[in-house]
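Breakdown of the fold
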Amino acid sequence: MDKPLEKQLTMCEMILDDRTRETCNTDQRLSCTRYVRPCDETDEKLRRDSGGYYSFDQWQKHNEKLLNRSVRGYHQSNVVEYNVQRAINTLSASVDKYALDSTNKIAGTARRIDAWRLDVLQALESVRDEIALLLSSKQKLQKAQTALGVIRSISVECLERRSFRLAVDLTLDPGQVELVKEKELIDEIDDLFCRTLCQLKDQLNSNKTIKYRLEENWSNKNQSMKIDTMNLSLNIQSPIIMSHTNVIEDSENACLSVPEWEMAVKNLYEEAKRTMNDSTLLRSIVDDAVLKKSAKRLRDQADAVDIALARFISDTQHVEQALGNDLKQVVQRLGDSENLIGGLLRVITNLEKAKMTAETRLYNRLKRPEDENFKDSAQSSILSEVKSLQEQLDTLNYQLHCARTGHLGLKEARSQLEDEVRVKRKTLWTDTIRCQKVRAFYPSAKSCTIEIKSYLIQ
């Protein structure tokens, strides 16, 4: 739409230089802006007085005025053209300068955004990798808890089975002491695993939070990069440019300053680095201080239990063999004692019969009449025989008593030895068949069914 010439000259007037302002006075601008034919009342009056004709002088003056007006109009047109061209050149240079400066600044901002976008993307990839590694450590720890449950079952099974030992074998032997230590160690490591698992879950939540913030920040920077890239391609010939109201006020009120923006990005980047360092430290603690050291402690304690049980089993076997040998000897002595007692009884019986024979002889000799009943040598011999037999019987009866007492002692010894052998065999069955057999399923470094077994190093 063409603007009125008067307003255009007013704009030109604002950009005229001193030389042009001296040559272009107010009358000229008015004549240029309002090209209106003047109305000369004196000439009109003279024309009516001359019978309707203009005089020659009037004609000449009129023509001279027209020519002068043409000259002034031509001059004013040249001045306006010069000023307009100068204004266009000046404004075009200023507009191009501002546009170039804005373009360069947008490009600089885009480069800065792209640099931070790459840093944020690198940090985001590192956080994602760290989350995957932390999840792997969490799975290892959970499998370690499963393996620890197997170990706990084995230890509890051994303790329960050994609680059924008999008599004096229900003792706090070195194997029992090591089993109790193993149970306490399992409880300690189980508590450590639970606390570490809670720390892993908290760290995973922190990693996921910082990952979400980095993803959001990277997405914002990527969108900003696209917007600035599009802005760099815009010019006055772009088909998508248009006028936007209140855009200056919104930009001044809604945007952060460059230092505040960089400080926010740096704070997020530093927080991501701190979170990564904490996560890496926790992973190293889980892998080294928790899993490997715990597995080594369990393996060492398991070896101590196995060694103590093996030694106790060996000692018990030696005792059982010694008791068995003693039992055989006692049984043999019992047989000899029974034979001895039988022989003593036969000897005593014969001596009693011999004594009864001598006594019968004395009794019969007492029946001799009157003076015939005298002490002859036979009488003295029979008396000596009876006394001797009696003494021998007393000695043999004492020996028989001693033999029977010894026989009873041997029977008691045999009973005790049999009980002890039975107790030792029960202990050996418990330790070898039950404990050692079930401990053969103890997780080892060569097993691959449970994850912690890979950490059970020698």
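The name that an unreviewed UniProt entry assigns to the chain is Tektin, with the source organism given as Sipha flava. The chain has a UniProt comment under Sequence similarities (unreviewed entry) that states "Belongs to the tektin family." The UniProt entry for the chain carries this comment under Subcellular location (unreviewed entry): "Cytoplasm, Cytoskeleton, Cilium axoneme".

What about the packing of helix α8 (residues 258-365) against helix α9 (residues 377-439)?
Closest axis-to-axis distance for the α8/α9 pair is 5 Å, and the angle between their directions is 160°. In this view, α8 runs roughly antiparallel relative to α9, as classed from their interaxial angle. The chirality of how α8 crosses α9 is left-handed. Each residue belonging to the contact of α8 with α9 can be placed in one class, and the counts come to 37 nonpolar, 13 polar and 20 charged.

As for unusual backbone geometry
Glycine aside, the phi torsion of most residues is negative, and most peptide linkages are trans. Despite not being glycine, alanine 167 has its phi angle at roughly 50°, a positive value. Relative to the elements of secondary structure, alanine 167 occurs in the loop between α5 (56-162) and α6 (174-232).

What about the environment of alanine 123?
If you trace the backbone, alanine 123 turns up in helix α5. Overall, alanine 123 belongs to the buried group, its relative accessible area being 12%. The sequence separation of alanine 123 and isoleucine 210 amounts to 87 residues, and the corresponding C-alpha distance is 9.9 Å. Alanine 123 has contacts with Leu214 and Tyr269, leaving out every residue within four places of it along the chain.

Re the nonpolar core
Leu141, Phe193, Leu200, Leu214 and Leu298 are the most contacted members of the largest nonpolar core, which has 36 residues in total. Of all the secondary-structure elements, those providing two or more residues to this core are α5, α6 and α8. In terms of residue count, α5 provides more of this core than any other element does, 13 residues in total. The contacts of leucine 141, once residues within four sequence positions are left out, are Phe193, Thr196, Leu197, Leu200, Val290 and Leu291. Of all hydrophobic cores here, the second largest spans nine residues; its members include Ile348, Leu351, Leu396 and Ala403.

Quick notes on the packing of α6 against α8
One way to put it is that α6 packs onto α8 with a least axis distance of 9 Å and a crossing angle of 165°. Taken together, α6 and α8 sit at an angle that is classed as roughly antiparallel. In this structure, α6 meets α8 at a crossing whose hand is left-handed. Considered class by class, the residues forming the contact of α6 with α8 number 24 nonpolar, eleven polar and nine charged.

What counts and what doesn't
Residues numbered from 1 in each chain as written. Predicted model: local features only at pLDDT ≥ 70, side-chain atom pairs only at ≥ 80, totals over all residues. Heavy atoms only, no water. UniProt positions renumbered as here; feature names shortened; annotations may be inferred. Axes fitted to C-alpha atoms, helices over the stretch in contact; angles between N-to-C directions. Helix = DSSP H or I, 4+ residues; strand = E, 2+ residues; numbered from the N terminus. Parallel < 35°, antiparallel > 145°, perpendicular 65-115°, else oblique. Left-handed = near helix turned anticlockwise from the far one by under 90°. Nonpolar A, V, L, I, M, F, W, Y, C, P; charged D, E, K, R; others polar. Buried < 20%, exposed > 50% of the residue type's maximum accessible area, 1.4 Å probe, protein only. Contact = heavy atoms within 4.5 Å. Core = buried A, V, L, I, M, F, W, Y, C linked by side-chain atoms within 4.5 Å.

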